Structures are given as structure tokens and as C-alpha cells.
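# Inside the fold
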Amino acid sequence: MQKVAVWMMMGLTVLLTACQPKHAPHPSDPKPEAAKVVLLSSQSIQMNLPRAEVCESEGCERYNLHTVHTNLPWIDAYFVKRLTQLAPKAFDIAQQRIVPDLNEPASLAHHQHFVSYIAQRNQLALFTLQSNSSGTHLPHSLLHQEYVNLDLNLQQRLALSDVLQKNQQAALLSLLYRHNEAWLKVRQIEAEQLKLSDNFYFAAQGFTLVYPVFELGNYSEGMTELHIPYSALSDIIKPEYLPSLPSDMKP
């Protein structure tokens, strides 16, 4: 292997010598800087809510929210905004306070929303936003986990369309069904019934699309995750978002 590298370097040197440009860059000319990726640090913090408990005539709701504090303020602001949208009553100080009617059976609901930092790979940072609602008026807890992929260089959240190469949605959907066909057929889900999900992340076992409880399985199975190996996605996913693969795994 070393001999091959030496021969390649020798050939490259000859080629560069023969094709030297007339106006070669001066050694002192500034070189374009590569995009620098910030090393992310994050810690979980509990939010101090204006109204941790909200009562209305039919009952009360209690809120427990955790966000993250990072070294990038735009990430902190993004998650505060998301949590405000998920639990607007907990932030509405102008809402009238109502004492439930003690003569009527009142309901009590608990809402928990937790932001968690998972990992960083180059410019890609992964967070989760977990939600859990339970109460006397619900037959069972409502669980949901949303994966949030952030591009630290672009300073934005990535939608599925942002990580795909142009016009590759149909190809991705075909691969998704093919690589999960056995599981889907057991649940009588045909190819034309399957849709792409915008809830996704880059897992160890491959590119993973996540579906809400009940959409593809039953409640006891929880949220469904469908995987596609990275070796099948070189023409589907933009190269800057694909993890590096060993040479024997590349197509």
C-alpha cells in the first residue's frame, strides 16, 4: 500500500510540474478557510414556569418542562420557542385563574416535555424532544419522541427534504419499504400505504425514520422506527450528512 502511495505522489509531482500555471498563487496569498465546526456543550435545566399548574372549571393541568442550556444561544432560543408552543397555558400569565367546582369530579392532567442532547457528528447535532401526557381523562399515557437534527454551520433545524439530494423522495420511500418489508407485511402494510416521516435521525444501524404510536403499530409497540443501511443511501442522502463508511461497506 505504501508503494502505491509513493507512486501516486511521484506521478502527481510530475503532472503538476508539467502543468504549472502561468500565474501560480504566491505562497503568501491567503488560503480560503474551511468551515469550522463548533464543539457543542449542553446541560439539561428545568424551566421556571409562570404557571406550572393551570386550573379551569373542568379540572387542572400540571406542567413539567426541561430544556437545554448550550454554548450556542440560537439553540437555546429554538427550544424555548418550541416548548412555549407545546405548552402555551404554562406561559400565559394573563389567563384567568379558575378554581375547579369541588361539587363536580375534576380531572387532573400531567404534561411533561423534556429536551435532551444526544450527540454531535461534524456539523450535525442531534436532540430529542420527549412528550408525555397522562391524566384521569385519558385511557393511557400519550407518548411521543421527536428527533431534532440541527446543522450547526447553517444554524437551522433540518427537515427531511434538507438532507435529501434533489428529487430523491420516491427512491427513499422505495428503499424504506424494501428494507423493512417483512416487518410491514406482518402488519398488513403495503408499499402504497407507507409514507415518509419528517421525524428522523442518523442511527448506528442506519438512517432511521420514526412514526407516532398507532400509525404503523399498536400502543404496546410504542413508536415505530424503520431503518435503511447507509450503504444504500450514497445517491439519496447529501454527502455532508452521511457518516463515513468503511470501504467494504460502500456500494
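Just so it is clear, the structure is predicted and the values come from calculations on it, not from any experiment. (Residues numbered from 1 in each chain as written. Predicted model: local features only at pLDDT ≥ 70, side-chain atom pairs only at ≥ 80, totals over all residues. Heavy atoms only, no water.)

### Digging into the pairing of strand β9 (residues 206-211)
Strand residues, when the strand is regular, have side chains that alternate between the two faces of the sheet. In terms of burial, β9 is a largely internal element, six of the six residues being buried. Inspection of the sheet shows strand β8 (residues 200-203) paired to β9 by four bridges, in the antiparallel sense. The partner of Ala203 across the bridge, within β9, is Gly206. Bridge count for β9 against strand β10 (residues 224-228) is five bridges, and the pairing is antiparallel. Across the sheet, the residue bridging to Leu209 is Leu226, located in β10. (Buried < 20%, exposed > 50% of the residue type's maximum accessible area, 1.4 Å probe, protein only. Helix = DSSP H or I, 4+ residues; strand = E, 2+ residues; numbered from the N terminus. Pairing = 2+ DSSP bridges.)

### Digging into the pattern of salt bridges
If you walk through the whole model with that rule in mind, you get six salt bridges. Notably, a salt bridge pairs Glu61 with Lys89, separated by 3.0 Å at the nearest N-O pair. Here Glu61 is found in strand β3 (residues 59-70), whereas its partner Lys89 is found in the loop between α2 (73-86) and β4 (107-121), with 28 residues between them in sequence. The exposure class assigned to Lys89 is partly exposed, which follows from its relative accessible area of 26%. Glu146 is the partner of Arg82 in a salt bridge, and the nearest nitrogen-oxygen pair spans 2.8 Å. Highlighted residues: Arg82 in helix α2 and Glu146 in strand β6 (residues 142-151), separated in sequence by 64 residues. Accessibility classification places Arg82 together with Glu146 in one group, the buried group. Each of Arg82, Glu146 and Arg157 takes part in a single network of salt bridges with overlapping partners. (Salt bridge = Lys/Arg side-chain N within 4 Å of Asp/Glu carboxyl O.)

### A few points about the environment of Asn48
When you line up the elements, Asn48 lands in the loop between β1 (42-46) and β2 (53-56). Here Asn48 falls in the exposed class, since its relative accessible area comes to 78%. Distance in space between the C-alpha atoms of Asn48 and Phe91 is 9.8 Å, their sequence separation being 43 residues.

### Regarding the side chain of His113
As for its placement among the helices and strands, His113 is situated in strand β4. Exposure remark for His113: the relative accessible area of 6% places this residue in the buried category.

### Side note on unusual backbone geometry
Of all residues except glycine, most have a negative phi; of all peptide bonds, most are trans. Located in the positive-phi region is Asn167, a residue other than glycine, with phi close to 60°. The residue Asn167 is located in the loop between α3 (160-163) and α4 (169-179) in this model. On the basis of relative accessibility, which here comes to 64%, the residue Asn167 falls in the exposed class. Its identity is not glycine, yet Gln188 carries a phi of approximately 55°, on the positive side.

### As for the pairing of β2
When β2 meets β3, the two strands line up antiparallel, connected through four bridges. Bridging across to β3, Glu53 finds its partner in Arg62.

### Some points on the nonpolar core
Counting residues in each nonpolar core, the largest one holds 26 residues, and the members touching the most others are Val163, Leu172, Leu194, Phe202, Phe207, Leu233 and Ile237. Here the element with the most residues in this core is α4; it accounts for four residues. Leaving out residues up to four positions away in the same chain, Leu172 has contacts with Leu160, Leu164, Leu196, Phe207, Ile228, Leu233 and Ile236. Counting residues in hydrophobic clusters, the runner-up holds 20 residues, among them Leu49, Val54, Leu83 and Val148. (Core = buried A, V, L, I, M, F, W, Y, C linked by side-chain atoms within 4.5 Å. Contact = heavy atoms within 4.5 Å.)

### What about the state of the cysteines?
Scanning the model with the defined rule gives one disulfide in all. Two residues share a disulfide in this structure: Cys55 and Cys60, whose sulfurs sit 2.0 Å from each other. The chirality of the disulfide connecting Cys55 with Cys60 is right-handed, given an S-S dihedral of about 100°. Residues Cys55 and Cys60 agree in their burial class; the two are buried. (Disulfide = S-S within 2.5 Å.)

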